Amino acid sequence: MRLQKYLAHAGLASRRKSEELIKEGKVKVNNKVIDQMGFEVDPQKDKIYFEGKLLKIDNEMVYIILNKPMGVVTTASDEKGRVNVCDLIDTDKRIYPVGRLDIDTTGLVILTNDGSLANVLMHPKHKIGKTYIVTVEGRPNGKQLNKLREGLNIRDLKTQKADVKILKNFDKDSIIKITIYEGQNHQIKRMFSYIGHKVKKLKRISMGEISLEGLEIGNYRYLNKEEIKYLRGLK
Ligand code: URA
């Protein structure tokens, strides 16, 4: 790895700024000042110092779950300046959300700096269930819900089999628990819209074995050892 890249990864400064620090003679590799660009270092073997202080790349992975409130976007940054999920987490790690919830959806979001996790959790081939509690307009009947259970195969919406259970029927709306095994854009809203029942409220309560239980809205927590072991086991 090039020295300036190492400095940036160690969180010293941006890559450009790191180059300047190297040119200024402030960086040593194994007690020798290196002021030339492009010097290759071995992160496992070489000792890299800035102004005498040993630098280390922090490879520690973090796994966090957040109970996302309404009005918060699920991106690491937002061009419109809206509050994003990372703003709610107090960490100096570069974390980002795994999969997206719409701005008006609440509930479970996993945030991590483990780059390989997102693909495992979101790719349909891994069949990781994402469970939602949905409030829809009206009362969908068994035939309509069976369409969702069997999987849709229409032009712009193809879904795998889903688990669907009515939790409560009111006069004007119904509360339904649904588990889907992929994560397409606005998938739940589109599925219910297809059977003619608009989604009024949507909350994600679990992803695989990771559950939101006991976490207040707007709060977050670090996953425990068992949960991390489970996530890593999926890879
Ligand atoms: N499906 C949706 O329609 N919206 C979400 O936020 C998540 C799943």
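Because the structure is predicted, anything quoted here is derived from the model rather than measured. (Residues numbered from 1 in each chain as written. Predicted model: local features only at pLDDT ≥ 70, side-chain atom pairs only at ≥ 80, totals over all residues. Heavy atoms only, no water.)

**Examining helix α2 (residues 15-23)**
For α2, the complete set of buried residues consists of Ser18, Leu21 and Ile22. Taken around the axis of α2, the buried residues stretch over an arc of 100°, which confines them to a single face. Exposed and oriented more than 90 degrees from the buried face of α2 are Arg16 and Lys23. Summarising the contacts, the buried residues of α2 are in contact with α1 (3-9), β1 (27-29) and β3 (48-50). One or two positions beyond α2, positive phi appears at Gly25, with a value near 75°. (Buried < 20%, exposed > 50% of the residue type's maximum accessible area, 1.4 Å probe, protein only. Helix = DSSP H or I, 4+ residues; strand = E, 2+ residues; numbered from the N terminus. Arc of directions from axis to C-beta. Contact = heavy atoms within 4.5 Å.)

**What to know about the domain arrangement of the protein**
How big an interface is tends to be expressed through the accessible area that disappears when the partners come together. The assigned domain composition of the protein is domain 1 (3-55), domain 2 (63-124 + 213-232) and domain 3 (129-207). A separation of 22 Å is found between the C-alpha centroids of domain 2 and domain 3. The interface of domain 2 with domain 3 comprises 14 residues on the first partner and 14 residues on the second. In total, domain 2 and domain 3 occlude about 1,300 Å² of area from one another, counting both sides; carbon and sulfur atoms represent 49% of this. It is Asp102, Leu108 and Met122 that lose the most area in domain 2 upon contact with domain 3, and together they represent 37% of the buried surface on that side. At the junction of domain 2 and domain 3, the tally comes to 2 salt bridges. Of the charged contacts in the structure, one is a salt bridge between Asp102 and Lys189, with a shortest N-O distance of 2.8 Å. For the interface between domain 2 and domain 3, the tally reads 7 residue pairs in polar contact (both at pLDDT 80 or more). If you list the elements that add at least two residues to the side of domain 2 that touches domain 3, you get β7 (106-112) and α3 (117-122). A total of 5 residues in the side of domain 2 that touches domain 3 trace back to one element, the largest contributor, which is β7. A class-by-class count of the residues in the side of domain 2 that touches domain 3 yields 8 nonpolar, 3 polar and 3 charged. (Domains from an automatic or database assignment. Buried area = accessible area lost by both parts, 1.4 Å probe. Salt bridge = Lys/Arg side-chain N within 4 Å of Asp/Glu carboxyl O. Polar contact = N/O pair within 3.5 Å; in protein donor to acceptor, adjacent residues only side chain to side chain. Nonpolar A, V, L, I, M, F, W, Y, C, P; charged D, E, K, R; others polar.)

**A few points about the side chain of Asp114**
Note that Asp114 resides in the loop between β7 and α3. Side-chain polar atoms of Asp114 contact the side chain of Ser116, separated by 3.0 Å.

**Quick word on the site of the ligand**
In the region of the ligand, the neighbouring residues are Leu101, Asp102, Thr105, Tyr132, His186, Gln187, Ile188, Lys189 and Leu202. A distance of 2.9 Å separates an oxygen atom of the ligand from a polar atom in the side chain of Thr105. With respect to the ligand, the backbone of Ile188 contributes an N or O atom lying 3.1 Å from a nitrogen atom. Considered on its own, the ligand offers 240 Å² of accessible surface; in the complex 97% of this is hidden by protein. Per-element accounting of the shell around the ligand gives the leading share, 3 residues, to helix α5 (residues 187-194). In terms of residue class, the shell around the ligand is made up of 4 nonpolar, 3 polar and 2 charged. (Near = heavy atom within 4 Å. Areas by Shrake-Rupley, 256 points an atom, 1.4 Å probe, with all protein chains shown as cover.)

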